[in-house]
Amino acid sequence: MATYWCEMAWLGGPTATAGVLIGVEGEAIVSVQMAADCPPGAVRLAGLTLPGLANAHSHAFHRALRGRTQAGAGSFWTWREQMYSLARTLDPDSYYQLARAVYGEMALAGITCVGEFHYLHHGAGGARYGDANAMSAALVAAAGEAGIRITLLDTCYLQGGFGVPPSEVQRRFSDGTAAAWVDRVDAAIDTFVGTGVMVGAAIHSVRAVDVAGMRAVAEWAHRRRVPLHAHVSEQQLENEQCIATHGLTPTALLAEQGVLGADFTAVHATHLSGVDVGMLGNARSTICMCPTTERDLADGIGAASALAAAGAALSLGSDSHAVIDLFEEARGVELDERLATNVRGHHSVPGLLRAATGDGHRSIGWARAGTLSVGAIADLVSVRLDSVRTAGTTLDDALGMAVFAASASDVHHVVVSGKVIVRDGRHERFDVARALADALAATRVG
């Protein structure tokens, strides 16, 4: 049994707890003792130890756009064309190298599990690789090498817009029909599911999947009892086109097709009506907020507090990876809403931490992760409280300091499923910065 003594740890309450001794056997936490001294042989974890962070919404290949597409004018739609240019450059080998480095960066940031919203399935012009799930296999292998768990949210993407055939690059995303998507993802789930890997489903958006396709994906997810995600109302134009085509908002259309429910996560949910908020709350769905991407793409500010008040849970994602920092995403939920309302204190600090940990893990299918409790998956993330950002922290303000001041750079020790992945701020398996530089050089676009 491995034993970890935490100077401070968050056990789910309103404040941190001092002197917590955690016993781990295999991938599980088997004991939690409070007010304990550090015994001989225990690993001493300085600072604040949190449960593993869950990145509930990732597009790994978008990391190659960081710094290249953010300056100057434009919109979500012009950024999308730049993303398409990048997508043309990738094959299973180059995607593996890029994703391995990106997931390594996540591990350094305290992320122990990622929900990969995966839609880059096929080769040029939509030609299938010899293994139709070769790109999925690259992502699964990359997560394994980086030492984090993955939920592969296999994404159905059938059309280029409402009633619009897919473009040349969008054919790389499309299986052609929902039935073909089902056939391919059935093979994926049978091949990949195992230790550290889960396969879920995603509807890219109401723009990219017709109503019959939405029903087929939802039925598959419900039959397999796996998480189901979708981009929802990220852009106002999406709402306008959906209402013009179907007479319904995206949320209402998804509800009509049987998509909403406790296993459903709406990603972004930025431009919702009051009725939409009520539907998502009543369904006990989860909302994945991605503040750093929503800022970067000028998407807008979602009504996170209204959704939480209506009964929806919140999770967090780094999405396009403008940065990979779940502390920044957590405080962004609160701080962006302050800007929109001129009011402070929409979300409690424990509530924001739950979005980054337990509720995030649950939204991507790992209900046993995200808490420091007996029987939970042994994910431990220790955050320095002596950096220039966090120095002077006391037990009473440790949680607030983590959410509102700490950064990914303050993570110094990460245990994933009982295995040490990050020690003293360095990845145990490879040089992540070098891996990123090499992978990004191979995918450089204009």
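Here, the structure is the one placed above.
Residues numbered from 1 in each chain as written. Predicted model: local features only at pLDDT ≥ 70, side-chain atom pairs only at ≥ 80, totals over all residues. Heavy atoms only, no water.

Asker: Whenever I open this one, the sheet that holds strand β5 (residues 53-58) confuses me. Can you help?
Answerer: Strand pairing in a sheet relies on backbone hydrogen bonds. The paired strands run either parallel or antiparallel. Read from one edge of the open sheet, 8 strands run β5-β6-β7-β8-β9-β10-β11-β12, paired in parallel fashion. In this open sheet, the two edge strands, each paired with only one partner strand, are β5 and β12 (313-316). With strand direction ignored, the average angle separating the axes of adjacent strands in the sheet is 25°. Of the strand pairs in this sheet, strand β11 (residues 286-289) and β12 are connected by 4 bridges, and their pairing is parallel. Within the sheet, the bridge partner assigned to Ile-287 lies in β12 and is Leu-314. Of the strands in this sheet, β6 (111-118), β7 (149-156) and β8 (197-203) are in contact with helix α3 (residues 134-146), which crosses β7 at around 160°. (Pairing = 2+ DSSP bridges. Helix = DSSP H or I, 4+ residues; strand = E, 2+ residues; numbered from the N terminus. Axes fitted to C-alpha atoms, helices over the stretch in contact; angles between N-to-C directions. Contact = heavy atoms within 4.5 Å.)

Asker: Looking at this model, I keep getting lost on the sheet that holds strand β3 (residues 28-33). Mind explaining?
Answerer: The strand order β3-β2-β1-β4-β13-β14-β15-β16 describes an open sheet built from 8 strands, whose pairing is mixed. Because the sheet does not close on itself, it has two edges, and the strands there are β3 and β16 (426-427). Pairing of strand β1 (residues 2-9) with strand β4 (residues 43-51) involves 5 bridges; the strand directions are parallel. Paired with Trp-5 across the strands is Arg-44, a residue of β4.

Asker: Explain the layout of surface pockets to me, please; I cannot follow it from the model alone.
Answerer: Empty space among the atoms can be located by rolling a probe the size of a water molecule over them. A volume near 250 Å³ is recorded for the largest pocket. In this structure, the largest pocket is lined by 17 residues; those nearest its centre are Gly-147, Thr-195, Gly-196, Ser-417 and Lys-419. A total of 3 residues in the lining of the largest pocket trace back to one element, the largest contributor, which is α3. Of the residues that constitute the lining of the largest pocket, the class distribution is 7 nonpolar, 6 polar and 4 charged. (1 Å grid on protein atoms, 1.4 Å probe; cavity = no way out; pocket = protein on both sides within 12 Å on 5 of 7 lines; lining within 4 Å. Points joined across faces, edges and corners; volume = space filled by probe spheres on them. Nonpolar A, V, L, I, M, F, W, Y, C, P; charged D, E, K, R; others polar.)

Asker: Is there a simple way to explain the environment of Glu-27 in this structure?
Answerer: Mapped onto the elements of the fold, Glu-27 is located in the loop between β2 (17-25) and β3. For Glu-27, a relative accessible area of 34% translates into the label partly exposed. For Glu-27 and Gly-418, which are 391 residues apart along the polypeptide, the C-alpha to C-alpha distance reads 4.4 Å. Apart from the residues within four sequence positions on either side, Glu-27 is in contact with Arg-368, Ala-376, Ile-377, Ala-378, Ser-417 and Gly-418. (Buried < 20%, exposed > 50% of the residue type's maximum accessible area, 1.4 Å probe, protein only.)

Asker: How should the pairing of strand β10 (residues 264-268) be read in this particular structure?
Answerer: Counting buried positions along β10 gives 5 out of 5 residues, so the element sits mostly inside the fold. Note that strand β9 (residues 228-232) and β10 share 5 bridges and pair parallel. For Leu-228, the partnering residue across the bridge sits in β10 and is Phe-264. Relative to β11, β10 runs parallel, the two sharing 3 bridges. Bridging from a neighbouring strand, Thr-265 pairs with Thr-286 of β11. What joins β10 to β11 is helix α8 (residues 274-282), and the crossover it makes is right-handed. (Right-handed = clockwise from strand over helix to strand, strands pointing away.)

Everything listed here is a matter of geometry and, on its own, says nothing about what the molecule does.
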